[in-house]
Amino acid sequence: MSTPPPGTGPVQEFLAGLRLVDHHCHGVVTADPSPERFESLITEGEAWPGSGITSFDSPVGVAVRRYCAPVLDLPRHAPAAEYLARRAELGWREVNRRFVSAAGTDVFCVDTGYAPDRLTTPAELADCVVGAAAAYEVVRLESVAESVADEGVEPGEYAAVFRAAAQAAVERPGTVGVKSVAAYRTGFDLDPSRPSDADVTEAARRWLRTHEAAVRTHRPEAPVAHRLDDPVLVRHLLWTAVDLGLPLQLHTGFGDNDIRMHRVDPTHLTDWLHLISGTVPVLLLHCWPYQRQAAYLATVFEQVYLDVGLTLHYVGPARARAILEEALEITPFRKLLYSSDAYGVAEFYQLGAVAFRQGLAALLQDRVGSDDLCLADALRIAAWTGRDNAFRVYGFPERHPTPGSDRA
Amino acid sequence: MSTPPPGTGPVQEFLAGLRLVDHHCHGVVTADPSPERFESLITEGEAWPGSGITSFDSPVGVAVRRYCAPVLDLPRHAPAAEYLARRAELGWREVNRRFVSAAGTDVFCVDTGYAPDRLTTPAELADCVVGAAAAYEVVRLESVAESVADEGVEPGEYAAVFRAAAQAAVERPGTVGVKSVAAYRTGFDLDPSRPSDADVTEAARRWLRTHEAAVRTHRPEAPVAHRLDDPVLVRHLLWTAVDLGLPLQLHTGFGDNDIRMHRVDPTHLTDWLHLISGTVPVLLLHCWPYQRQAAYLATVFEQVYLDVGLTLHYVGPARARAILEEALEITPFRKLLYSSDAYGVAEFYQLGAVAFRQGLAALLQDRVGSDDLCLADALRIAAWTGRDNAFRVYGFPERHPTPGSDRA
Amino acid sequence: MSTPPPGTGPVQEFLAGLRLVDHHCHGVVTADPSPERFESLITEGEAWPGSGITSFDSPVGVAVRRYCAPVLDLPRHAPAAEYLARRAELGWREVNRRFVSAAGTDVFCVDTGYAPDRLTTPAELADCVVGAAAAYEVVRLESVAESVADEGVEPGEYAAVFRAAAQAAVERPGTVGVKSVAAYRTGFDLDPSRPSDADVTEAARRWLRTHEAAVRTHRPEAPVAHRLDDPVLVRHLLWTAVDLGLPLQLHTGFGDNDIRMHRVDPTHLTDWLHLISGTVPVLLLHCWPYQRQAAYLATVFEQVYLDVGLTLHYVGPARARAILEEALEITPFRKLLYSSDAYGVAEFYQLGAVAFRQGLAALLQDRVGSDDLCLADALRIAAWTGRDNAFRVYGFPERHPTPGSDRA
């Protein structure tokens, strides 16, 4: 199950050199995190001070010490305290530069809608790469809806104003997709049908009223007081996403304790996927522990794709292959994409990429070795999943303009 | 995870030579499929022309090129276009003869109730085998019920007429079991109790009325206009199956996009399995991704069995072992059966058999190698799952009459 | 997937010598079981006489013949009949002494609330160990509630009397935790909130009345006539457990056919886990096939822990590593505990320990071999999961008093 070191076969060599497209990630913090903050950034739980449990004593923690320490000139498996000291010594700018460059990624699609921390913009993220990279934006629709509510809107106008705001957001240069975190808000066991105008108005009335108190007691610096969690409005958001016409990313499965895991099995979306047949690509993100369910949907619906971002760095390179084996069990090879889903710490850009390259290479190389796959097919599958499938879905231009930047 | 080539140990040798019982399969098309039709027959999705995605670029597609091409005298990993050209050149009769013979199967149990294509009858399927084979019939009960409705029935007589039609069907020579696709129609989260006569009549009235329009606009050549999807009638069908007294096959898990996967976890059947305790054997088919849930049921209910047909050829020999490992994790060794669930293309008879033989042999041989299992036990487990368990459940006669045929 | 023999590397050596804490187990029968009773004790199903299926023909059965036979001086893979004859020849006292000693366990936490058989007390269990061991008690709260009902209580007093009885039980010397089998009674899709006093009284009235007939027809020797299965009272029991302040063990997943598997996915507990944040540790037991879901909860909730007891001996050493791989995929290393969940037959103390030691050692040794983990970390993870995490959660004293015994 553990993967051999990279570079031991032609597939490993190919994947080690392949420039990736990271079709779903976030920004990275633009400050030196305290040790406790760093620990909270490398877990989907929280830092648990006083508990005797540190995030370093977990699969992702040992993977950081093993795979990230050398990027900071430390020996493999450096102790956590040394790691944090060296990180602080280098400073966040250098740390970010090293890790984001080490990912070997040419294109980033950045979800800009979740930022409890001050994070790099897409352009700033691309600027971390030594050489050149492009960064595109993915618009998180819940953030758009919540901003509409925060700025004040009449219930009867909510649908139109939200639609206009979302349309304006996706028309910004460099925007290539939209995203929903419906998984966090209601889960996927929703009525699949498009809600009527009257239903949306009524739901907006309920939602806006409920959140009035939150708005009144709202600290001015906090970006959002409303939290879109009304089932009718979440459905409306998903249907609005369809109308926008861009690829739609959906958080699926693994996340923090705000998830109700049993409600985010993506096969709950089956009826909705039938209804939206022939419209936008739907990209299921993360997926664990539902990677097989996501693979099923990607196999039977033309417009469905999946990745195992987030999962790969949390399980680490030692277990990435096993996850990819399940994700690829029945999946058409044009349906799996690479993403890091890195957030906050630059380590996750590099660690996600290492886990993906090593895990996929081990899987493919072994199949070449047992003659279940020929080498040409293995290399094609590697290039598709690491890069080309994302080009196909998102239709990036040949040259990669980075929004808000003059590079590219 | 990938399996070594067959023939590298005594378990491999034994399984390579074992004549199988394929306790659940369908017929094969009796025509040369167009390339597009072939592509649609090797996916649980559909052919997606114009999408740039071909069914050959998937685990089952590379497995066909790797394991089926040599049966057509092509090199391993032959390109898809060459494969299809050679297939057309040989013609469907020769192709069917080669692949069905290469499966090494002595007994086929054929579900005859699903035939959107013109397919071989059980006797014709057995006739594909060079040497001798027997073919039995499995009666799909939904097809019986739908034929009853299509032919016209009063709601109050539906139960009796359906029961009589099902009884007549199972009394046909060579019939060894019945099957339900309740998974496709309602899923398994049904009221487990036997519905009352009044409830059945009322449900039949509702169902027959609903489908009247479909019947009126019905093309005469289409076999069935009604689709049995009423929850009361599906329950009634399952209870009628119990009354018939033959082994009952249940579609479970993986299938096309008509499945709502989250509703076909077989553990939803637990209350019903308690109620039917001591009656008929229940055979859970396919099961992926619920093979562990199916294994649990087979462990705790005397009358429950499982297979991983369909799954094995879709994941291919490279991944079959992993699926079998999960299916056999806790399962009594007399509870797992072999099936191909081949439909339409003859390749799947051979590919399912190869995946089963190689995957099971690798699993068992390694356990013999680590001394977790003695060789005698390994060979017994191989013979039970590949052949003997089916004999035990279905009670085939010593000599195998093929219905509608004078062979055997 | 199959594990190498122990002793082939430093992790194997370390784990082979590590004295374990078995944080969840039951007593062992104090009689010589008949062959049929033995067969029924080594399955979560039942003995199925006349079926031609024996429990020995299953993963746990071959594991008993492989790993337990040598403890009884038989060759590996001894036939079942020889095994049973030798077992009877040695007699239960010697058999228990050998297997419980062979587990290499220093501390047992014994669930004393389930005893359809006459079983060893905690002190008697510890006395089986050659050398010294300590045994603590875990109070099964359903048994306490049912005894309260059996002894007679007014509905309005039920809450207070149950609470007092539970309090008295946990104050008995040597009690270190409580357990609930809510999974068996209602599953986990419960209203998470604490029920009101009025709701509890009303539910108690309903429950006590329902079971009156059972009590009246009750054989005097049977310990319990009431079965706590009312959803309000099960919720009340879980909240009472929180009030008691001791670690709470929850049956999760795998068990006999009284489980409705789809209702015991532990992520159904998410809302309740939020509500009890900062109170008692919650230990998810067994977990299969939901080990990934349990791992998710242990990752995102500070107070959640898991084990894969019961599962490990049922899958056997050949498959234990695969289960542990999934259980440890994302789990903080301080969150996994060892348990055998042995019940009835002494074999399961030894077999669970062998499966745990071999499976975990193979996993860790391979990661050391691929340099994904350094040896020092591997040994620490082994010691934590095998022993130290239980000390941390349960706060055992340095010296281990065995309740009702003067040893320790």
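Residues numbered from 1 in each chain as written. Chains lettered and ligands numbered in written order. Predicted model: local features only at pLDDT ≥ 70, side-chain atom pairs only at ≥ 80, totals over all residues. Heavy atoms only, no water.

Contacts between chain C and chain A engage 37 residues on the former and 38 residues on the latter. Of all residues in chain C, the largest losses of buried area upon contact with chain A belong to Arg292(C), Tyr296(C) and Asp372(C), amounting jointly to 19% of the total for that side. At the boundary of chain C with chain A, the tally comes to seven salt bridges. Notably, a salt bridge pairs Asp371(C) with Arg76(A), separated by 2.5 Å at the nearest N-O pair. Joining chain C to chain A, the criterion identifies 16 residue pairs in polar contact (both at pLDDT 80 or more). Secondary structure elements with two or more residues in the side of chain C that touches chain A: helix H13 (270-275), helix H14 (291-300), helix H16 (317-327), helix H17 (347-369) and helix H18 (375-394) of chain C. (Contact = heavy atoms within 4.5 Å. Buried area = accessible area lost by both parts, 1.4 Å probe. Salt bridge = Lys/Arg side-chain N within 4 Å of Asp/Glu carboxyl O. Polar contact = N/O pair within 3.5 Å; in protein donor to acceptor, adjacent residues only side chain to side chain. Helix = DSSP H or I, 4+ residues; strand = E, 2+ residues; numbered from the N terminus.)

So, about the relation of the copies chain C and chain A. The two chain copies are connected by a rotation around an axis plus a translation along it. The two copies are related by a screw operation: chain C maps onto chain A through 120° of rotation and 0.0 Å of translation along the axis, at an RMSD of 0.0 Å. Such a combination of turn and shift is consistent with a three-fold rotation axis. Of the interface residues in chain C, just 5% have counterparts in chain A that sit at the interface too, so the contact is made through distinct surfaces. (Least-squares fit on C-alpha atoms with pLDDT ≥ 70 in both.)

Moving on to the pairing of strand E5 (residues 248-252) of chain B. All names here are of chain B. Most of E5 is tucked away, with five of its five residues classed as buried. Neither face of E5 is exposed, since Leu248, Leu250 and Thr252 on one face and Gln249 and His251 on the opposite face are all buried. By the bridge criterion, three bridges tie strand E4 (residues 175-180) to E5 in an arrangement that is parallel. By the bridge assignment for E5, Val178 is matched with Leu248. (Buried < 20%, exposed > 50% of the residue type's maximum accessible area, 1.4 Å probe, protein only. Pairing = 2+ DSSP bridges.)

Residues and elements named next belong to chain C. Here Ser101 lies in helix H5 (residues 92-102). Looking at Ser101, the relative accessible area reads 19%, which means it is buried. A polar contact is formed between the side chain of Ser101 and the backbone nitrogen of Val130, at a distance of 2.8 Å. Setting aside residues up to four positions removed in sequence, Ser101 forms contacts with Asn96, Cys128, Val129 and Val130.

With 397 residues, the main nonpolar core has Tyr158(A), Trp272(A), Tyr158(B), Trp272(B), Tyr158(C) and Trp272(C) as its most contacted residues. Among residues more than four places away in sequence, those in contact with Tyr158(B) are Ala145(B), Val148(B), Val153(B), Val200(B), Ala204(B), Trp207(B), Leu228(B), Leu233(B) and His236(B). (Core = buried A, V, L, I, M, F, W, Y, C linked by side-chain atoms within 4.5 Å.)

The next point concerns the packing of aromatic side chains. Aromatic ring pairs are defined here through the distance separating the ring centres and the angle between the ring planes. Enumeration according to the criterion identifies 42 aromatic pairs over all chains in this entry. Both rings, one in Phe38(A) and one in Phe56(A), keep their centres 6.0 Å apart while their planes meet at 20°; by these two values the pair is stacked. Within this pair, whereas Phe38(A) is found in helix H2 (residues 35-41), its partner Phe56(A) is found in the loop between H2 and helix H3 (59-68), the two being separated by 18 residues in sequence. The exposure classification of Phe38(A) matches that of Phe56(A), with both residues buried. One aromatic cluster is present, formed by Phe254(A), Trp288(A), Tyr314(A), Phe348(A) and Tyr296(C) through successive ring pairs. (Phe/Tyr/Trp six-rings, centres within 6.5 Å; stacked < 30°, edge-to-face > 60°.)

This part is about H3(A). The element H3(A) is largely enclosed, with a buried count of 10 among its 10 residues. Every buried residue belonging to H3(A) is among Pro59(A), Val60(A), Gly61(A), Val62(A), Ala63(A), Val64(A), Arg65(A), Arg66(A), Tyr67(A) and Cys68(A), and all of these are buried. Tucked inside the fold, the buried residues of H3(A) contact helix H4 (80-90), helix H5 (92-102), helix H15 (311-315), helix H16 (317-327) and helix H17 (347-369) of chain A together with H18 of chain C.

Looking now at the relation of the copies chain B and chain A. After a rotation of 120° and a shift along the axis of 0.0 Å, chain B superposes on chain A with an RMSD of 0.0 Å. The two copies present different faces, since only 5% of the interface residues in chain B are matched by interface residues at the equivalent positions in chain A.

On to the pairing of strand E3 (residues 134-140) of chain B, then. All names here are of chain B. Burial of E3 is extensive: seven of the seven residues sit out of reach of the surface. Of the two faces of E3, the one carrying Ala134, Tyr136, Val138 and Arg140 and the one carrying Ala135, Glu137 and Val139 are both buried. One ladder, built from five bridges, connects strand E2 (residues 105-111) with E3; its direction is parallel. Paired with Val107 across the bridge in E3 is Ala134. Relative to E4, E3 runs parallel, the two sharing four bridges. Each residue of the ladder has a partner; that of Arg140, found in E4, is Lys179.

This part is about the sheet that holds E2(B). All names here are of chain B. Spatially, the eight strands line up as an open sheet ordered E1-E2-E3-E4-E5-E6-E7-E8, and their pairing is parallel. A strand with exactly one partner marks an edge of an open sheet, and here the two such strands are strand E1 (20-25) and strand E8 (336-337). Of the strand pairs in this sheet, E5 and strand E6 (residues 282-286) are connected by five bridges, and their pairing is parallel. Looking at E6, one finds that His251 is bridged to Leu285. The strands touched by helix H7 (residues 141-150) within the sheet are E3 and E4, with E3 carrying the most contacts at an inclination of about 55°. Across the sheet, helix H12 (residues 231-244) lies against E4 and E5, angled at about 165° from E4, the strand it touches most. (Axes fitted to C-alpha atoms, helices over the stretch in contact; angles between N-to-C directions.)

All names here are of chain A. Taken in spatial order, the seven strands make up an open sheet running E1-E2-E3-E4-E5-E6-E7, and their pairing is parallel. Each end of this open sheet is capped by a strand with a single partner; those strands are strand E1 (20-25) and strand E7 (304-306). Each strand of the sheet is rotated relative to its neighbour by a mean of 25°, with strand direction disregarded.

Looking now at the environment of Gln291(B). All names here are of chain B. Among the secondary structure elements, Gln291 is positioned in helix H14 (residues 291-300). Taking the C-alpha atoms as reference, Gln291 lies 6.6 Å from Glu326; in sequence the two are 35 residues apart. One polar contact links Gln291 to Glu326, side chain to side chain, over a distance of 2.9 Å.

With that settled, consider the interface of chain B and chain A. With 38 residues of chain B at the interface, the matching set in chain A holds 37 residues. Counting across the chain B and chain A interface gives seven salt bridges. With its nearest N and O atoms 2.5 Å apart, the salt bridge here joins Arg260(B) to Asp271(A). At the junction of chain B and chain A, the tally comes to 16 residue pairs in polar contact (both at pLDDT 80 or more).

Note that all results are geometric; they support no functional claim without further evidence.
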